[in-house]
Amino acid sequence: MGIGIRIENLRKVYDAPPPMAGGGAGFSFAAVRSANKEKSPRKFELVALDGVSLEIRAGEVFGLLGPNGAGKSTTIGVLTTRTQPTSGRAFIGEYDVWQQQVQAKRLIGVVPQRPNLDFALTAREILTFHGAYFGQGARVRARRADELLEKFKLTDRATHMVRTFSGGMMQRLSIARAMMHDPEVLFLDEPSAGLDPQTRLLLWEIVRDYNRLGKTIVLTTHYMDEADTLCDRLAIIDHGRIISQGTPAELKATIPGGYLLRLRFDRVTEELLVDLKKLPGVTEVRSADQAFVDVYADRGGPLIGPIVNTAQAAGFELRDVHIAEPSLETLFLHHTGRSLRD
Amino acid sequence: MNWKTFYALLARDGHVARRNLLPTLLQNLLQPLLFTFVFGKVMTTSGMMPAAYKSMLLPGVMAISMVLAGVQAVAMPLITEFQFTREIEDRLLAPIEIGWLAVEKIVAGMVQAMVAGLVVIPAAWLIMGSGVRLDFGKPFEFLLVALLVALFSSAGGLALGCSVGQTQIGLMFSLVVAPMMMFGCAYYPWSALESFPILHMAVLVNPLVYASEGLRGALVPQVPHMNTLVVIGALAAIDLGLLYLGLKKFHQKAVS
């Protein structure tokens with residue numbers, strides 16, 4: 001039996017820059033002063049989550065996909081008790097994450113976006129103390145720490161202080177730490193950011209293995225391939241709202257036509273759009289701005305010739321073409337009108 | 001409340017403190033002990049200060065060392081751990097209410113403050129040589145005052161550590177710690193300020209005054225000192241205030 005997750009109409013409005021995103025060195029005297037003054041021109045307000053509802057089933061790998069600043073980390077923050085929601089509720093299993101923090105914390109393991117390892121300890125101590133926080137006995141935590149160090153190929157560095165570790169090693173140790181107390185739900189916030197391809201494959205393997213034990217995995221990512229290969233179900237999130245959710249296959253099937261051709265012309269008129277719509281295989285034509293046109297169609301390359309001809313006949317100049325094959329990337333573009341990397 | 005987790009958190013801080021024992025002791029004790037040497041040894045031996053000054057100085061040096069140790073033991077790691085790396089996150093995710101993590105920090109700070117205070121007594125005694133007249137006739141009063149001092153220094157460390165950024169550590173020392181030490185009646189009794197009436201009253205906001213005067217009352221009652229009940233009352237009030245402030249700041253800092 002695994003543990004499921006339920007999120008009901010979650011909203012989060014930050015009235016100060018969230019710590020992870022905050023650029024300065026923490027506390028700023030200036031900011032506090034201006035916040036106290038009624039006259040201050042603009043109060044800081046950032047809507048990170050705007051009515052998010054989700055159901056994550058027990059034992060599945062669930063992905064939150066979205067660009068930077070979409071609300072992925074805030075969602076994870078709320079689910080892991082680190083962020084207080086402005087309104088709405090979240091449940092890990094039967095426990096309300098905000099009301100029953102301790103019970104919820106027992107069930108979860110968290111791999112943060114940036115490694116937050118305890119720099120005052122060695123790699124092995126990080127694991128053994130983590131086990132101790134969760135009440136593991138000395139023998140159990142020693143054995144588990146050794147197993148995990150071995151599994152994550154860190155045995156030879158076990159007694160080194162972690163501040164000397166490379167980014168990839170820190171990331172591996174963060175994951176090992178999150179698994180140390182054998183949590184029912186594992187959260188991974190952008191786990192493969194900054195990992196080399198080899199370590200990334202190792203990570204995927206480890207996530208799959210852990211999932212096979214019946215554990216629920218929640219991960220955020222902005223890599224399409226990661227979401228596609230790893231996740232049973234996905235939610236696409238942007239500007240704090242869930243835009244779409246389902247299995248990767250279901251989501252891809254909702255893209256009209258499948259292929260997306262992003263065209264750039266010297267100018268765009270209504271008449272050009274009508275002409276493009278008439279081309280064979282085209283299901284939808286959208287104009288994003290003065291020069292760009294998105295054409296959804298059931299074919300990619302073969303359509304270029306007709307497009308060029310149509311444009312030339314009407315006196316337009318085609319300047320750039322980008323063909324996106326059916327993928328989550330196209331899906332994201334379809335729903336938000338912008339690329340994941342924008 | 002989950003004792004296993006609380007104990008594990010405490011064990012972690014103890015482990016780190018033991019690893020940094022020597023630098024920590026030097027950081028907290030070197031300055032007060034150098035002061036003890038200059039004023040308690042050089043000045044008294046040369047006759048520029050009366051020999052009785054030695055007994056007056058020791059409790060003050062002990063108060064300073066305890067406060068420095070308590071504040072630094074809690075504030076410095078917190079400042080780093082709450083910074084960009086968020087090292088504290090792992091402990092915030094431990095299965096215990098996060099308020100208890102703050103309490104654990106305070107307990108760890110108190111232990112370090114007590115250790116610093118207890119190390120200073122023999123060290124200063126050795127440095128100053130003969131002529132120090134300590135009176136251990138009131139052990140409970142001494143212990144109570146010492147515990148209250150340890151609590152305010154580590155609760156104060158919690159409040160400072162949660163409201164000061166890494167870039168402001170230097171500022172914190174020159175603006176908060178240095179004046180506190182100079183006007184903390186550590187190097188002179190409070191009664192010595194009677195000729196400066198405004199200062200005499202103004203220093204009463206400084207918790208170190210009660211620490212120095214309280215330890216003086218407990219260890220060297222022959223020296224003029226503040227009434228012990230007043231000291232204990234003031235320390236208890238300061239403790240509660242700083243505890244409330246520290247826990248509140250910690251919550252603000254820990255949860256976004």
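Small disclaimer: the values here were computed from a predicted structure and weren't measured.

Scoring rules and cut-offs
Residues numbered from 1 in each chain as written. Chains lettered and ligands numbered in written order. Predicted model: local features only at pLDDT ≥ 70, side-chain atom pairs only at ≥ 80, totals over all residues. Helix = DSSP H or I, 4+ residues; strand = E, 2+ residues; numbered from the N terminus. Buried ≥ 20, exposed ≤ 12 C-beta atoms within 10 Å, placed from the backbone. Contact = placed C-beta atoms within 7 Å. Domains from an automatic or database assignment. Nonpolar A, V, L, I, M, F, W, Y, C, P; charged D, E, K, R; others polar. Pairing = 2+ DSSP bridges. pLDDT = per-residue confidence, 0-100. Axes fitted to C-alpha atoms, helices over the stretch in contact; angles between N-to-C directions. Parallel < 35°, antiparallel > 145°, perpendicular 65-115°, else oblique. Left-handed = near helix turned anticlockwise from the far one by under 90°.

Peer 1: I'd like a description of the overall build of chain A, backed by residues and values.
Peer 2: A count of helices and strands for chain A gives twelve helices and 14 strands. Looking at chain A residue by residue over its 342 residues, the buried ones come to 42%. Contacts in chain A between residues far apart in sequence, at least 24 positions, make up 73% of those at least 6 positions apart.

Peer 1: Account for the overall build of chain B, naming residues and giving values.
Peer 2: The number of helices and strands found in chain B is ten helices and zero strands. In chain B, the succession of α and β elements from N to C terminus is α-α-α-α-α-α-α-α-α-α. Its C-alpha atoms give chain B principal-axis dimensions of roughly 60 × 40 × 35 Å. The burial tally for chain B puts 47% of its 256 residues in the buried class. In chain B, the share of contacts with a sequence separation of at least 24, taken over all contacts with a separation of at least 6, comes to 84%.

Peer 1: Can you break down the domain arrangement of chain A residue by residue, with the values?
Peer 2: By a widespread convention, an interface's size corresponds to the accessible area lost as its parts come together. Looking at chain A, the domain boundaries give domain 1 (5–10 + 51–117 + 165–252) and domain 2 (256–325). Between domain 1 of chain A and domain 2 of chain A, the C-alpha centre-to-centre distance is 38 Å.

Peer 1: An account of the interface of chain B and chain A is requested, with residue identities and associated values reported.
Peer 2: Across the boundary between the two partners, chain B contributes 29 residues, which contact 28 residues of chain A. Counting only elements with at least two residues in the side of chain B that touches chain A, the list comes to α1 (3–19) and α4 (89–92) of chain B. Sorting elements by how many residues they give to the side of chain B that touches chain A places α1 of chain B first, with seven residues. Looking at side-chain class alone, the side of chain B that touches chain A contains twelve nonpolar, nine polar and eight charged residues.

Peer 1: Residues and numbers for the sheet that holds strand β5 (residues 95–96) of chain A, please.
Peer 2: Residue and element names in this part refer to chain A. Strand order in this open sheet of four strands is β2-β1-β4-β5, and the pairing throughout is antiparallel. In this open sheet, the two strands that pair with only one neighbour each are β2 (46–56) and β5. Inspection of the sheet shows strand β1 (residues 5–14) paired to strand β4 (residues 87–92) by five bridges, in the antiparallel sense. Bridge assignment links isoleucine 7 to a residue of β4, and that residue is alanine 90.

Peer 1: Explain the confidence of the model for chain B to me, and be specific about the residues and the numbers.
Peer 2: All names here are of chain B. Summarising the model, chain B shows a mean pLDDT of 90, and 100% of its residues fall at 70 or more. Within chain B, helix α2 (residues 21–45) has the poorest average pLDDT of any element, 85, and helix α10 (residues 228–254) the best, 94. Confidence metrics for the complex model read pTM 0.83 and ipTM 0.88.

Peer 1: Could you give an account of the sheet that holds strand β6 (residues 108–111) of chain A, naming the residues involved and the relevant values?
Peer 2: Residues and elements named next belong to chain A. The strand order across the open sheet built from six strands is β6-β7-β8-β3-β9-β10, with neighbouring strands paired in mixed fashion. Each of the sheet's edge strands pairs with one partner strand only, and the pair in question is β6 and β10 (241–246). On average, adjacent strands in this sheet sit at an angle of 15° to one another, irrespective of strand direction. Both β6 and strand β7 (residues 185–189) contribute to a ladder of four bridges, which runs parallel. Note on β7: the bridge partner recorded for valine 110 is phenylalanine 187.

Peer 1: An account of the confidence of the model for chain A is requested, with residue identities and associated values reported.
Peer 2: Residue and element names in this part refer to chain A. Summing up the model confidence of chain A, the mean pLDDT is 83 and the portion of residues at 70 or higher is 89%. Per-element averaging of pLDDT across chain A places helix α1 (residues 29–36) at the bottom with 39 and helix α4 (residues 123–133) at the top with 95. Note on residues 21–39: pLDDT under 50 across the span, and 14 contacts to partners over four residues away in sequence or across chains.

Peer 1: Explain the pairing of strand β13 (residues 292–297) of chain A to me, using residue names and the numbers behind them.
Peer 2: In the case of a regular strand, side chains alternate between the two sheet surfaces. All names here are of chain A. With six bridges connecting them, strand β11 (residues 259–265) and β13 associate as antiparallel partners. Among the inter-strand pairings, leucine 263 is bridged to a residue of β13, identified as valine 293. Where strand β12 (residues 282–287) lies against β13, five bridges are found, and the strand directions are antiparallel. Each residue of the ladder has a partner; that of valine 285, found in β13, is valine 295.

Peer 1: I'd like a description of the packing of α2 of chain B against helix α5 (residues 98–128) of chain B, backed by residues and values.
Peer 2: All names here are of chain B. At a minimum axis distance of 10 Å, the contact between α2 and α5 shows a crossing angle of 30°. For the element pair α2 / α5, the angle class is roughly parallel. The element α2 and its partner α5 pack so that their crossing is right-handed. The residues of α5 that touch α2, namely those facing Leu25, Asn28, Leu29, Pro32, Leu33, Thr36, Phe37, Gly40 and Lys41, are Ala116, Val119, Val120, Ala123, Ala124, Ile127 and Met128.

Peer 1: Could you give me a rundown of unusual backbone geometry, with the residues and numbers involved?
Peer 2: Unusually for a residue other than glycine, histidine 239 of chain A sits at a positive phi of about 50°. Structurally, the position occupied by histidine 239 of chain A is in the loop between β9 (233–238) and β10. Here cysteine 185 of chain B, not a glycine, exhibits a phi torsion of approximately 55°, which is positive. Along the chain, cysteine 185 of chain B turns up in the loop between α7 (169–182) and α8 (197–202). Classification of cysteine 185 of chain B as buried rests on a count of 25 C-beta atoms within 10 Å.

Peer 1: How would you summarise the pairing of β4 of chain A if you had to cite specific residues and measurements?
Peer 2: Residues and elements named next belong to chain A. Pairing of β4 with β5, which is carried by two bridges, proceeds in the antiparallel orientation. Counterpart to isoleucine 92 in the pairing with β5 is tyrosine 95. Adjacent in sequence and paired antiparallel, β4 and β5 are bridged by two residues, among which glycine 93 carries a positive phi angle near 60°.

Peer 1: Help me get a handle on α4 of chain A, residues and values and all.
Peer 2: An α-helical segment advances 3.6 residues per turn. Residues three or four places apart therefore align on the same side. In terms of burial, α4 of chain A is a largely internal element, eleven of the eleven residues being buried. Taken together, the buried positions of α4 of chain A are occupied by Ala123, Arg124, Glu125, Ile126, Leu127, Thr128, Phe129, His130, Gly131, Ala132 and Tyr133 of chain A. Those residues of α4 of chain A hidden inside the fold are in contact with α5 (138–151) and α6 (167–179) of chain A together with α1 and α4 of chain B. Backbone geometry just after α4 of chain A places glycine 135 of chain A at a positive phi near 80°.

Peer 1: Tell me about the packing of helix α3 (residues 53–81) of chain B against α5 of chain B, and name the residues and values.
Peer 2: All names here are of chain B. Where α3 meets α5, the closest approach of the two axes is 8 Å, and the angle between their N-to-C directions is 150°. Considering the angle they form, α3 stands roughly antiparallel to α5. For the element pair α3 and α5, the recorded crossing hand is right-handed. Tallied by class, residues from the contact of α3 with α5 come to 17 nonpolar, five polar and two charged.

Peer 1: Lay out the environment of valine 47 of chain A with the relevant residues and their values.
Peer 2: Residues and elements named next belong to chain A. Mapped onto the secondary structure, valine 47 falls in strand β2. Residue class for valine 47 comes out partly exposed when judged on the 16 C-beta atoms lying within 10 Å of it. Distance from valine 47 to tyrosine 14, taken between C-alpha atoms, is 6.4 Å for residues 33 residues apart in sequence.

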